[in-house]
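Now for the letters of each chain:
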Amino acid sequence: MNSTIIDGAQLAAALRAQYREQALQLTAQGRQPGLAVIIVGDNPASRVYVRNKGKACEAAGFHSRLIALAENTSEAALLGHVQALNRDAAIHGILVQLPLPAQIDAQRVIEAINPAKDVDGFHVASAGALLTGATDAGFAPCTPAGVMAMLKSAKIDPTGLHAVVIGRSNIVGKPMALLLLAAGATVTVCHSKTRDLGAITRQADILVAAIGKPRFVTADMVKPGACVIDVGINRDADGKLCGDVDFAAVKDVAGTISPVPGGVGPMTIAMLLGNTLVAAKRQ
């Protein structure tokens, strides 16, 4: 089977171009969209993510601000920066890069962000809006929102389809399930305690892998013709970047598939820009 590959990088570039036009219009009205990113410590992966986000902001005509704090920063000090950004009218979106050092309660920090500036979509207010379908409030987390945009670009309507999500994190798995449910899919959420996982994934018309294990989803776990979206970003034993899906094998079974790299990753950053733009318009 020749599967269709969803080019997340190309789709993200098109979206960023649209967001740039809208950002320039807002800037002309005296309201340039502004995103502040706080990073604590020297996690190499986090540094790369933050750098990419900053570049994307500037390319899209957004105001970008980076606050880099030492690994031993106290929770009180970090909360002080968050509160200052909450009061800053030039900042419409606040993102605290995860993971945080052990001395800091990540959830407490997230809850300190003004919900109107919670462009990561992690605040309980955003989670509640997603759960209740309040589309005019809160923000959908960027990665699941990016997956939905990819499905739309591939002309895959979830209505009536069986969607299976592997993973139940607050960042991807749970909001992914809610977005698919809102789009009319019948949704099953699988996780580390799921029995006979393959028997469930083989029923999926849409399979979203967000489990964080290199090449975990193999060809025999996929229904022929299914749409497979790979959210994972891992390094294999050779240090090569790979997803949660065995792409080389699964692409011969799936009808549609997203690659790693070049799939969900670029879409996550694009959705962050989209959420920041919405925040600027609302504020």
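Let me sum up the structure you'll find in this document. It should be emphasised that the depicted structure is a prediction, and the values quoted were computed from it without experimental measurement. (Residues numbered from 1 in each chain as written. Predicted model: local features only at pLDDT ≥ 70, side-chain atom pairs only at ≥ 80, totals over all residues. Heavy atoms only, no water.)

Counting its regular elements, the protein chain contains ten helices and eleven strands. At 19 Å, the protein chain has a C-alpha radius of gyration in line with the 19 Å of a compact globule built from 283 residues. Seen through its C-alpha atoms, the protein chain measures out along the principal axes to roughly 50 × 40 × 35 Å. By the burial criterion, 48% of the 283 residues in the protein chain qualify as buried. Across the protein chain, the fraction of contacts at a sequence separation of at least 24, relative to all contacts at a separation of at least 6, is 70%. Counting every atom, the protein chain has about 12800 Å² of accessible surface; 55% of that belongs to carbon and sulfur. The average position of the 26 basic charges and that of the 22 acidic charges among the side chains of the protein chain differ by 3 Å. (Helix = DSSP H or I, 4+ residues; strand = E, 2+ residues; numbered from the N terminus. Rg over C-alpha atoms; globule rule 2.2 N^0.38 Å. Buried < 20%, exposed > 50% of the residue type's maximum accessible area, 1.4 Å probe, protein only. Contact = heavy atoms within 4.5 Å. Areas by Shrake-Rupley, 256 points an atom, 1.4 Å probe, with all protein chains shown as cover. Lys, Arg positive; Asp, Glu negative; His and termini not counted. Charge placed at Lys NZ, Arg CZ, Asp CG, Glu CD.)

Taken in spatial order, the three strands make up an open sheet running S3-S2-S4, and their pairing is parallel. Both outer strands of the open sheet, strand S3 (63–69) and strand S4 (93–96), are each paired with one neighbouring strand and no more. Neighbour to neighbour, the strand axes of the sheet diverge by 15° on average, direction disregarded. Here seven bridges tie strand S2 (residues 34–40) to S3, and the two strands are oriented parallel to one another. (Pairing = 2+ DSSP bridges. Axes fitted to C-alpha atoms, helices over the stretch in contact; angles between N-to-C directions.)

Quick look at the sheet that holds strand S1 (residues 4–5) now. On the basis of which strands lie adjacent, the open sheet formed by six strands has the order S1-S11-S8-S7-S5-S6 and parallel pairing. Here the strands that pair on one side only, and so sit at the sheet edges, are S1 and strand S6 (186–190).

The next thing to look at is the environment of Ile233. The topology assignment puts Ile233 in the loop between strand S8 (227–230) and strand S9 (234–235). Under the relative-accessibility criterion, Ile233 is labelled partly exposed at 46%. It is 9.0 Å that separates the C-alpha atoms of Ile233 and Ala210, two residues lying 23 residues apart in sequence. Once you skip the residues sitting within four places of it in the chain, Ile233 turns out to touch Tyr49, Leu241 and Cys242.

What follows covers a nonpolar patch on the surface. Together, Val48, Tyr49 and Ile233 give the surface a local cluster of nonpolar side chains, amounting to about 250 Å² of exposed area. In this structure, Tyr49 sits in helix H2 (residues 44–59). (Patch = residues over 30% accessible without salt bridge, like charges linked within 9 Å, V, L, I, M, F, W, Y side chains within 5 Å. Salt bridge = Lys/Arg side-chain N within 4 Å of Asp/Glu carboxyl O.)

Following both chains from N to C, one finds helix H6 (residues 142–153) and helix H7 (residues 173–182) inclined at 40°, their axes separated by 9 Å at the closest point. Between H6 and H7 lies a crossing of right-handed hand. Contacts from Pro144, Ala145, Val147, Met148 and Leu151 of H6 reach H7 at Pro175, Met176, Leu179 and Leu180. Along the lines of polarity and charge, the residues of the contact of H6 with H7 split into nine nonpolar, no polar and no charged. (Left-handed = near helix turned anticlockwise from the far one by under 90°. Nonpolar A, V, L, I, M, F, W, Y, C, P; charged D, E, K, R; others polar.)

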